[in-house]
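Descriptive structure summary
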Amino acid sequence: MTDFIVGVGSFVMGVLYPSYMSFKAIRTKDNKEDDTQWLTYWVIYSLVQLIDSVLGFVLIWIPFFSTLKLLATLYLVLPQFKGSLALYVVIEPKLAPLVDKIEVMVESKLKSISAPAKPAVTPLEKTQ
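The notes below deal with the structure included here. (Residues numbered from 1 in each chain as written. Predicted model: local features only at pLDDT ≥ 70, side-chain atom pairs only at ≥ 80, totals over all residues. Heavy atoms only, no water.)

Some points on the overall build of the protein chain
For the protein chain, the helix and strand inventory stands at four helices and zero strands. When the accessible area of the protein chain is evaluated, it comes to approximately 9700 Å², of which 73% is carbon and sulfur surface. (Helix = DSSP H or I, 4+ residues; strand = E, 2+ residues; numbered from the N terminus. Areas by Shrake-Rupley, 256 points an atom, 1.4 Å probe, with all protein chains shown as cover.)

Details of the packing of aromatic side chains
One pass over the full model with this rule turns up six aromatic pairs. On the basis of an interplanar angle of 80° and a centroid distance of 6.0 Å, the ring pair of tyrosine 17 and tryptophan 38 is categorised as edge-to-face. Of this pair, tyrosine 17 sits in helix H1 (residues 2–27) while tryptophan 38 sits in helix H2 (residues 32–59), placing them 21 residues apart in sequence. Exposure remark for tyrosine 17: the relative accessible area of 24% places this residue in the partly exposed category. A relative accessible area of 4% means that tryptophan 38 is categorised as buried. An angle of 70° between the planes, with centres 5.1 Å apart, marks the rings of tyrosine 41 and tryptophan 42 as edge-to-face. (Phe/Tyr/Trp six-rings, centres within 6.5 Å; stacked < 30°, edge-to-face > 60°. Buried < 20%, exposed > 50% of the residue type's maximum accessible area, 1.4 Å probe, protein only.)

Considerations on H2
Maximum bend of H2: about 55°, positioned at serine 53. Burial in H2 covers these residues: Asp34, Asp35, Gln37, Trp38, Thr40, Tyr41, Ile44, Asp52, Gly56 and Leu59. Put simply, asparagine 31 is the residue that caps the front of H2, since its side-chain oxygen is 3.1 Å from the backbone nitrogen of glutamate 33. (Bend = angle between axes of the 7 residues up to and from the residue. Polar contact = N/O pair within 3.5 Å; in protein donor to acceptor, adjacent residues only side chain to side chain.)

Observations concerning unusual backbone geometry
You will see that phenylalanine 64, though not glycine, has its phi angle at about 60°, which is positive. Secondary-structure assignment places phenylalanine 64 in the loop between H2 and helix H3 (65–77). Positioned with a positive phi, lysine 82 is a non-glycine residue whose angle comes to about 50°. Relative to the helices and strands, lysine 82 is located in the loop between H3 and helix H4 (83–126).

So, a negative patch on the surface
A cluster of acidic side chains, namely Glu92, Asp100, Glu103 and Glu107, defines a negative patch on the protein surface. Turning to its location among the elements, glutamate 92 is positioned in helix H4. Take glutamate 92: its relative accessible area is 32%, and that puts it in the partly exposed class. (Patch = residues over 30% accessible without salt bridge, like charges linked within 9 Å, V, L, I, M, F, W, Y side chains within 5 Å. Salt bridge = Lys/Arg side-chain N within 4 Å of Asp/Glu carboxyl O. Lys, Arg positive; Asp, Glu negative; His and termini not counted. Charge placed at Lys NZ, Arg CZ, Asp CG, Glu CD.)

Read these as layout, nothing more, since geometry by itself doesn't imply function.
So, in structure tokens, the structure goes:
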């Protein structure tokens, strides 16, 4: 029963609350700080979910893992702590080179895919 309650708490604090706050952040035009906070949260949340999905079968054996995960989620999500920003500052230098390599590969593939279609699309663009 405790795992169920902790799971619901993790969902509410890890997904619903950040979704609501992200929606509010998008609607505020004059405050870019909240945009940065919530975009950073979603990057960190995605990485945590990736790690959890790969290593979850091992992590579940750690005593009180669900509770620890909820506490970590609270640290990441609550604006008082700004944990996602603090964690992002640590991992960004390590992650940036990988993202840069992926970006180059994606851009290269997009160019190679779009090049054959260019002659067919160009006449359509001129008619608009």
